[in-house]
Amino acid sequence: MDILNPEQFRALGYRAIDMIAEQLADLTDGPTRRPVPLDIRHGLEDQPIPQTGADPFDLLDRVQNEILAYPMGNPSPRFFAWVNSTPTPIGILGDLFAAAMSPSAAGGDQAATYVERAALTWVKDMLGFPQEAQGLFVSGGSKANLTCLAVMRHVMSDGKVRHEGMMAQDAPMIVYTSAHGHSCIEKTVSALGIGSQNLRIIPVDSQYRMDLTKLREAIAADRAAGLHPVCVAASAGTTNTGAIDQLDEIADLCEAEKMWFHIDGAYGGFGILAEQTEGLYKGMNRADSIAVDPHKWLYIPVECGCAIVRHADAMRATFSLVPAYLQEDRAEPWFSEYGLQQTRGFRALKVWLSIQHYGLDGYRKMITQDINTAYDLRRKLFTRSDFEVVTAGPLSVTCFRYVPAGVPEDMLDDLQRQIVAWTNASARAFITTTMIDGKVVVRACHVNFRTTSADLDVLLDTLTEAGQLVLETARSA
Ligand SMILES: Cc1ncc(COP(=O)(O)O)c(C=O)c1O
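A look at the packing of aromatic side chains
Thinking step 1. Evaluation of the coordinates by the stated rule reveals 10 aromatic pairs.
Thinking step 2. Measuring from centroid to centroid gives 5.9 Å for Phe387 and Phe400, while their planes differ by 65°, and the two rings are edge-to-face. Here Phe400 lies in strand E9 (residues 397-402) and Phe387 lies in strand E8 (residues 387-392), a separation of 13 residues in the sequence.
Thinking step 3. Using a relative accessible area of 7% as the deciding quantity, one classes Phe387 as buried.
Thinking step 4. Judged by its relative accessible area of 0%, Phe400 is buried.
Thinking step 5. A network of ring pairs unites the aromatic residues Tyr299, Tyr358, Tyr363 and Phe449 as a single cluster.
Thinking step 6. Across from the ring centre of Phe129, 5.3 Å away, lies the NZ or CZ of Arg310, which sits over that ring.

Following this line, the structure appears as structure tokens:
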């Protein structure tokens, strides 16, 4: 077996860094996301297990030709889908160093522990969250929400659920989120055994925020029915429109009702740093727990979510279990006592490096710029008569429709899907649809410091070209 010696590793590593640097340099003019050709796809997924080893330089050739060439596309400045950011270059190196060290960042006296503490301190600072709160880096927003709501379930069962299970509860726990709350909240209440039938989906108001009158009515009705309202899972930036629920009012309500106030800030939490959002996050610092996603609006390479719980002791009581073989090096609690994972990756390093590289100032500018990009897109849409803006939320998401004159309403949903599919197949830009008020809309989200105004023109020109082609084809059929 040929284990690489340090010199061979160095040569291979230089080549790998060159490949990544080329990839970054090509982002401005290169394709966004191309379909994977069938032969390459089969070569990747149907390859039998290799019986003998291969030359690592040949493997890097394969990475270059078969993998780097067919990305998901989010590093590109013309990727507007979902909430997937372009990665910070120094964060890419952070993952490389983390892999080189390959520690378990579970805890103990090692650099990874102190780096994670520092990075968590900075994340709490960014969010204006009290420093006594406990943070934990996890795989992403879904896991962060799950971690926070597991603590909620522990606290709201007076600590009983851990030993007795959910069946020992006198009445079903009820959780409330808005109709635009993320699907991971439903996954979480299912996974925690609360049951999706006990998740109340509260309608939204005209700004797509949770309707607080309806929320109060739902809580009152559930109490009257003998159920146990335990938690409002509010959104600080919904995926669909970027709406921020009225956090301060929800904090008041939770306080009065003795309920847990959770915030899903996976997309929008770091929007608090933007110039344009002053006042919108009032009350965020009153939450019992908040889920944020550094791999979204801190542009940290995937994966990196973050769970923050105000009551550190409650978080520890929810998860801590230290078996006999893990008793050493315990001067301070381990991170693994605050979550589900025992062996944990060194995610904090890429966060620690990126925050130092850009500084708070740099992050403020980048996030502000993403919201300005959304404003720019909206201005451009207003000047094109074939488009209408459907939602123009406070953050960096815009929902819009292609509505050329003469196309009947019942064809419009299909038209949006077709122009998006055509645009994506062109590899000039990548974008997705969603549903707003029962209608299919095109949705553009900017969490990308590389996007320029010219990229927005490419997007709109391509969608328009797609629209004309789709309509011509329909007319000639
Ligand atoms: C508001 C919101 N919450 C939760 C999530 C889930 O986060 P992740 O995909 O990192 O698990 C997302 C993902 O887009 C999101 O936008």
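Considerations on the layout of surface pockets
Thinking step 1. Reported here for the largest pocket is a volume of approximately 1,100 Å³.
Thinking step 2. In this structure, the largest pocket is lined by 44 residues; those nearest its centre are Ile20, Gln23, Leu24, Leu68 and Ile92.
Thinking step 3. Among the elements of the structure, helix H1 (6-25), helix H3 (56-68) and helix H4 (89-101) are those that each provide at least two residues to the lining of the largest pocket.
Thinking step 4. The dominant element in the lining of the largest pocket, judged by the number of residues it contributes, is H1, at 11 residues.
Thinking step 5. Counted by class, the lining of the largest pocket contains 28 nonpolar, 11 polar and five charged residues.
Thinking step 6. For the second largest pocket, the calculated volume is near 430 Å³.
Thinking step 7. Around the second largest pocket sit 28 residues that line it, and Val83, His182, Ser183, Thr239 and Lys296 are the ones nearest its centre.
Thinking step 8. At the level of elements, helix H6 (141-156), helix H8 (183-191), helix H11 (294-297) and strand E10 (432-436) are the ones that each hand at least two residues to the lining of the second largest pocket.
Thinking step 9. Taken together, the residues of the lining of the second largest pocket break down into six nonpolar, 17 polar and five charged.

Topic: the sheet that holds strand E5 (residues 260-265)
Thinking step 1. Ordered in space as E1-E7-E6-E5-E4-E2-E3, the seven strands form an open sheet in which the pairing is mixed. Across the chains shown, the open sheet's two edge strands, defined by having one partner strand only, are strand E1 (134-138) and strand E3 (199-202). Averaged over all adjacent pairs, the angle separating strand axes in this sheet is 20°, with direction ignored.
Thinking step 2. Note that E5 and strand E6 (residues 289-292) share four bridges and pair parallel. Each residue of the ladder has a partner; that of Asp264, found in E6, is Ala291.

Side note on the packing of helix H13 (residues 348-383) against helix H15 (residues 453-476)
Thinking step 1. Taken N-terminus to C-terminus, the directions of H13 and H15 make an angle of 45°; their axes are 10 Å apart at the nearest point. Put simply, H13 runs oblique to H15. In the crossing of H13 with H15, the sense of the turn from one axis to the other is right-handed. Where H13 approaches H15, its residues Thr373, Asp376, Leu377, Lys380 and Leu381 are matched on the opposing element by Ser453, Leu456, Asp457, Leu459 and Leu460.

Let's talk about empty space enclosed by the protein
Where empty space is left in the structure can be found by rolling a water-sized probe over the atoms.
Thinking step 1. One pass over the full model with this rule turns up two cavities of 30 Å³ or more.
Thinking step 2. Lining the largest cavity, in full, are Leu136, Phe137, Val138, Lys143, Thr147, Phe335, Ser336, Gly339, Leu340, Gln341 and Arg344.
Thinking step 3. For the lining of the largest cavity, the secondary-structure elements that each account for two or more residues are E1 and H6.
Thinking step 4. Considering each element in turn, the lining of the largest cavity owes the most residues, three residues, to E1.
Thinking step 5. Here the lining of the largest cavity is composed, by residue class, of five nonpolar, four polar and two charged.
Thinking step 6. Within this model, the second largest cavity holds a volume of roughly 50 Å³.
Thinking step 7. Surrounding the second largest cavity, Asn74, Phe79, Ala81, Asn84, Cys445, His446, Val447, Asn448 and Thr451 form its lining.
Thinking step 8. Looking at the lining of the second largest cavity residue by residue, the classes come out as four nonpolar, five polar and no charged.

Overview of the pairing of E10
Thinking step 1. Burial along E10 is one-sided: the residues Thr432, Thr434 and Ile436 are buried and none of Thr433 and Met435 is.
Thinking step 2. Between E10 and strand E11 (residues 439-445), which follow one another and run antiparallel, lie two residues, and Asp437 among them has a positive phi close to 50°.

Quick word on the site of the ligand
Thinking step 1. Residues in contact with the ligand amount to 14 residues; listed here are only the nearest, Gly141, Ser142, Thr239, Asp264 and Asp293.
Thinking step 2. Here Gly141 contributes a backbone N or O atom positioned 2.8 Å from an oxygen atom of the ligand.
Thinking step 3. Here an oxygen atom of the ligand and a side-chain polar atom of Asp293 are 2.7 Å apart.
Thinking step 4. For the ligand, whose free accessible area comes to 380 Å², the fraction covered by protein is 84%.
Thinking step 5. Spatially, the ligand is embedded in the second largest pocket.
Thinking step 6. Across the shell around the ligand, the residue classes tally to four nonpolar, seven polar and three charged.

Criteria and thresholds
- Residues numbered from 1 in each chain as written.
- Predicted model: local features only at pLDDT ≥ 70, side-chain atom pairs only at ≥ 80, totals over all residues.
- Heavy atoms only, no water.
- Phe/Tyr/Trp six-rings, centres within 6.5 Å; stacked < 30°, edge-to-face > 60°.
- Helix = DSSP H or I, 4+ residues; strand = E, 2+ residues; numbered from the N terminus.
- Buried < 20%, exposed > 50% of the residue type's maximum accessible area, 1.4 Å probe, protein only.
- Lys NZ or Arg CZ within 6 Å of the ring centre and 35° of its normal.
- 1 Å grid on protein atoms, 1.4 Å probe; cavity = no way out; pocket = protein on both sides within 12 Å on 5 of 7 lines; lining within 4 Å.
- Points joined across faces, edges and corners; volume = space filled by probe spheres on them.
- Nonpolar A, V, L, I, M, F, W, Y, C, P; charged D, E, K, R; others polar.
- Pairing = 2+ DSSP bridges.
- Axes fitted to C-alpha atoms, helices over the stretch in contact; angles between N-to-C directions.
- Parallel < 35°, antiparallel > 145°, perpendicular 65-115°, else oblique.
- Left-handed = near helix turned anticlockwise from the far one by under 90°.
- Contact = heavy atoms within 4.5 Å.
- Near = heavy atom within 4 Å.
- Polar contact = N/O pair within 3.5 Å; in protein donor to acceptor, adjacent residues only side chain to side chain.
- Areas by Shrake-Rupley, 256 points an atom, 1.4 Å probe, with all protein chains shown as cover.
- Sits in = over half its atoms within 2 Å of the grid points.

By themselves, these observations are geometric and do not establish any function.
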